[in-house]
Amino acid sequence: MEKNLANTPPQPEINVKDSEFAEMVLNNALLNFRKEQIRKEIDQSLQDQNKEEFLRLTEELKNIS
């Protein structure tokens, strides 16, 4: 098993700033995805004339924006 490890290419050094940047990008993408999901659910609640669901979703969207 040690032979296999010796033959692997060296791993690039992970810079803390790069890691933090990648985390920020990922968090932003997840937030945008969730916002889009909520908007679609809001549209559906309007089509269904579901006032309670509409109010809940709009409040959730305001809280994450």
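Thresholds applied
Residues numbered from 1 in each chain as written. Predicted model: local features only at pLDDT ≥ 70, side-chain atom pairs only at ≥ 80, totals over all residues. Heavy atoms only, no water. Helix = DSSP H or I, 4+ residues; strand = E, 2+ residues; numbered from the N terminus. Buried < 20%, exposed > 50% of the residue type's maximum accessible area, 1.4 Å probe, protein only. Areas by Shrake-Rupley, 256 points an atom, 1.4 Å probe, with all protein chains shown as cover. Expected span 1.5 Å × (residues − 1). Contact = heavy atoms within 4.5 Å. Polar contact = N/O pair within 3.5 Å; in protein donor to acceptor, adjacent residues only side chain to side chain. UniProt positions renumbered as here; feature names shortened; annotations may be inferred. pLDDT = per-residue confidence, 0-100. Axes fitted to C-alpha atoms, helices over the stretch in contact; angles between N-to-C directions. Parallel < 35°, antiparallel > 145°, perpendicular 65-115°, else oblique. Left-handed = near helix turned anticlockwise from the far one by under 90°. Nonpolar A, V, L, I, M, F, W, Y, C, P; charged D, E, K, R; others polar.

An unreviewed UniProt entry lists the protein chain under the name IDEAL domain-containing protein, with Peribacillus simplex as the source organism.

### Remarks on the overall build of the protein chain
Looking only at helices and strands, the protein chain has three helices and zero strands in total. The buried share among the 65 residues of the protein chain stands at 9%. Accessible surface computed for the protein chain: about 6,100 Å², of which carbon and sulfur atoms make up 55%.

### Side note on helix α2 (residues 16–47)
What sets the pattern is the α-helix's 3.6 residues per turn: residues three or four places apart point alike. The end-to-end C-alpha separation of α2 is 47 Å, in line with the 46 Å expected for 32 residues at 1.5 Å each. Those residues of α2 that sit buried are Lys35, Ile38, Ile42 and Ser45. As for α2, its buried residues are in contact with α3 (51–64). For α2, the capping residue at the N-terminal end is asparagine 15, with a side-chain oxygen 2.8 Å from the backbone nitrogen of lysine 17.

### Topic: the UniProt feature "domain: IDEAL" (unreviewed entry) in the protein chain
When the UniProt feature table is mapped onto this chain numbering, "domain: IDEAL" (unreviewed entry) sits at residues 25–61. For residues 25–61, helix accounts for 92% and strand for 0%, while the C-alpha atoms at its two ends are 20 Å apart.

### Examining the confidence of the model for the protein chain
Across the protein chain, the average pLDDT comes to 90, with 88% of residues at 70 or higher. In the model of the protein chain, helix α1 (residues 2–6) stands out as the element of lowest mean pLDDT, 60, in contrast to α3, which has the highest, 98.

### Quick word on the side chain of lysine 35
Position of lysine 35 relative to the elements: it lies in helix α2. Setting aside chain neighbours within four positions, we find lysine 35 in contact with Leu61, Ile64 and Ser65.

### Overview of the packing of α2 against α3
Contact pair α2 / α3: the axes reach a minimum separation of 9 Å and the direction vectors enclose 160°. Of the possible angle classes, the one that applies to α2 and α3 is roughly antiparallel. Crossing geometry of α2 relative to α3 is assigned as left-handed. In this structure, α2 contributes Leu31, Arg34, Lys35, Ile38, Arg39, Glu41, Ile42, Ser45 and Leu46 to the contact, and α3 contributes Glu53, Phe54, Arg56, Leu57, Thr58, Glu60, Leu61 and Ile64. Split by residue class, the contact of α2 with α3 holds eight nonpolar, two polar and seven charged.

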